[in-house]
Amino acid sequence: MVFMSKPAPEQFSFIRNSKPTPFFSGIPLIDLSKPDSMHQLVKACEEFGFFKVINHGVPMEFISKLESEAVDFFSLPLSEKEKVGPPSPFGYGNKSIGQNGDVGWVEYLLLNTDQESISQRFSSVFGDNPEKFRCALNDYVSAVKRMACEILEMMADGLKLQQRNVFSKLLMDEQSDSVFRLNHYPPCPEIESLNGQNMIGFGEHTDPQIISVLRSNNTSGLQISLGDGSWISVPPDQNSFFVNVGDSLQVMTNGRFKSVRHRVLTNSMKARVSMIYFGGPPLSEKIAPLPSLMKGKESLYKEFTWFEYKRSAYNSRLADNRLVLFERIAAS
């Protein structure tokens, strides 16, 4: 089965590696079954902006059902998949990421969490049974959203905030602007002949929302950037979740939590399938550092609405530092 057309090397970005990046063994591990994990959680958000979650409470049945549906969809002929594309912004995309010229060796489905629109959009592809996909998606997203809210409330506890739901209420709001993404990175044997170069599957970026919750199959490729600018490879784990601090949470904590820069490199032999829930606030929500975290400090950021930041982010390139436009300029 041909998932995508063969890559033309001049279309894509490459990274030259004199030697493979080893897996990083120091990814913070957060056990959600232990209430005192909140302290490790805060430390992980301050140091990495990234951590792995175990004992997460999401049924493996939900995970495997949605992954199976995703694999079935991405196995369809390209002409069938393109019936739900191009993304505007939701739908099927192939190689092009966003509207500003970014490309990667990836195909994807970008979805909002409005079940009705999903059913209507996918009826043409899933024939008589779009409901099966919709139900698998709903079960998975509902469970992951609950977990994301639990994590955000543990963060608030760890930060000693009086209002425990100060972050989670933004995801629970009926107007929450949360999105869901299924990514498929086909194997790319061509990279074996590229003499120590890796092709970019999804270019480096930060996530603009509050929190991102990622689950992938057992194929490597995800890398995160450390504070010194070096890149480390994240060992895959199909039974756990990985969580990113997003730009909005960095702002709300006045820079205390770090929005993590990350990317995906292609794998020459194995397909990678990832499922990401991006927890966002309502479009009208004002994003600014929480007063209770300021303690006499200057605010590093101007106040903005999520709509304003989202518009700015979607008008930028993947690798751009999107927050720089919203930073307060220190008086010289």
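Residues numbered from 1 in each chain as written. Predicted model: local features only at pLDDT ≥ 70, side-chain atom pairs only at ≥ 80, totals over all residues. Heavy atoms only, no water.

What counts here: UniProt positions are given in the numbering used here, feature names are shortened, and annotations may be inferred rather than shown by experiment.
By the naming in an unreviewed UniProt entry, the protein chain goes by gibberellin 2beta-dioxygenase and is assigned to Salix koriyanagi. The UniProt entry for the protein chain carries this comment under Catalytic activity (unreviewed entry): "gibberellin A1 + 2-oxoglutarate + O2 = gibberellin A8 + succinate + CO2". Taken from UniProt, the Function (unreviewed entry) comment for the protein chain reads in full: "Catalyzes the 2-beta-hydroxylation of several biologically active gibberellins, leading to the homeostatic regulation of their endogenous level. Catabolism of gibberellins (GAs) plays a central role in plant development. Converts GA9/GA20 to GA51/GA29 and GA4/GA1 to GA34/GA8."

1. Comments concerning the packing of aromatic side chains
To keep things clear, this is the line we draw: Aromatic rings from Phe, Tyr and Trp, with only the six-membered ring used for Trp, were paired whenever their centres fell within 6.5 Å, and each pair was classed as stacked if the ring planes differed by under 30 degrees, edge-to-face if by over 60, and tilted otherwise. Strands are runs of DSSP state E lasting at least 2 residues, helices are runs of H or I lasting at least 4, and numbering of each runs from the N terminus. Relative accessibility decides the category of a residue: with a 1.4 Å probe and only protein chains considered, values under 20% of the type maximum give buried, values over 50% give exposed, and everything between is partly exposed. Over a ring means this: the NZ of a Lys or the CZ of an Arg is within 6 Å of the ring centre and within 35 degrees of the ring normal.
In total, this model carries 9 aromatic pairs according to the counting rule given. Between tyrosine 140 and phenylalanine 241 the ring centres are 6.4 Å apart and the planes differ by 40°, which places this aromatic pair in the tilted class. Residue tyrosine 140 is found in helix H5 (residues 130-158), and its partner phenylalanine 241 is found in strand S11 (residues 241-245); the two are separated by 101 residues along the sequence. Neither tyrosine 140 nor phenylalanine 241 differs from the other in exposure class; each is buried. Ring plane angle 35° and centroid distance 5.2 Å describe the contact between phenylalanine 304 and tyrosine 309, whose orientation is recorded as tilted. Neither phenylalanine 304 nor tyrosine 309 differs from the other in exposure class; each is buried. A connected cluster of aromatic rings, assembled from ring pairs, spans Phe304, Trp306, Tyr309 and Phe326. Above the ring of tyrosine 108, the side-chain terminus of arginine 181 is found at 4.1 Å from the ring centroid. Cation over ring: arginine 263 sits above tryptophan 231, and NZ or CZ is 3.9 Å from the ring centre.

2. What to know about the sheet that holds strand S2 (residues 29-31)
Worth spelling out the cut-off: A pair of strands counts as paired when DSSP detects no fewer than two bridges linking them. For every element, the axis is a line fit to its C-alpha atoms; helices are fit only across the contacting stretch, and the angle between N-to-C directions ranges from 0 to 180 degrees. By definition, residues are in contact when any of their heavy atoms lie within 4.5 Å.
With mixed pairing, 8 strands are arranged side by side in an open sheet as S2-S3-S11-S8-S13-S6-S5-S4. In this open sheet, the two edge strands, each paired with only one partner strand, are S2 and strand S4 (91-97). For this sheet, the mean inter-axis angle between neighbouring strands, taken without regard to orientation, is 25°. Inspection of the sheet shows strand S6 (residues 179-185) paired to strand S13 (residues 272-279) by 7 bridges, in the antiparallel sense. Bridging across to S13, phenylalanine 180 finds its partner in tyrosine 277. Across the face of the sheet, H5 comes into contact with strand S3 (50-54), strand S5 (102-112), S6, strand S8 (211-216), S11 and S13 while running at roughly 130° to S8.

3. Some details on helix H1 (residues 37-47)
What sets the pattern is the α-helix's 3.6 residues per turn: residues three or four places apart point alike. Quick reminder of the rule: Directions are taken from the helix axis to each C-beta atom, and the arc is the one they span.
Along H1, the residues classified as buried are Ser37, Leu41, Val42, Ala44 and Cys45. For H1, the angular spread of buried residues about the axis comes to 160°, placing them on one side. In this structure, the buried residues of H1 make contact with S2, S3, H5 and S11. At the exit of H1 stands glycine 49, carrying a positive phi of roughly 70°.

4. What to know about the packing of helix H2 (residues 60-74) against H5
When two helices pack together, their arrangement is captured by the angle between the axes and the distance separating the axes. To keep things clear, this is the line we draw: Any angle between 65 and 115 degrees counts as roughly perpendicular, while under 35 counts as roughly parallel, over 145 as roughly antiparallel, and the rest as oblique. Handedness of a crossing follows from how the near helix is turned relative to the far one, being left-handed for an anticlockwise turn of less than a right angle and right-handed for a clockwise one. Charged means Asp, Glu, Lys or Arg here, nonpolar means Ala, Val, Leu, Ile, Met, Phe, Trp, Tyr, Cys or Pro, and polar covers whatever is left, Gly included.
Orientation of H2 relative to H5, taken along the N-to-C sense of each, is 135°, at an axis distance of 9 Å. Comparing the axis directions of H2 and H5 gives the class oblique. Like other packed secondary-structure pairs, H2 and H5 cross with a definite hand, here left-handed. Residues Phe62, Ile63, Lys65, Leu66 and Glu69 of H2 touch H5, and the partners they reach there are Lys132, Phe133, Ala136, Leu137, Asp139, Tyr140 and Ala143. Partitioned by chemical class, the residues of the contact of H2 with H5 number 8 nonpolar, no polar and 4 charged.

5. Notes on the packing of H1 against H5
Axis separation between H1 and H5 bottoms out at 8 Å; the angle between their running directions is 90°. In terms of orientation, H1 and H5 fall into the roughly perpendicular class. Between H1 and H5, the residues in contact are Ser37, Met38, Leu41, Val42 and Cys45 and Ile151, Met154, Met155, Asp157 and Gly158, respectively. Here the residues of the contact of H1 with H5 sort into 7 nonpolar, 2 polar and 1 charged.

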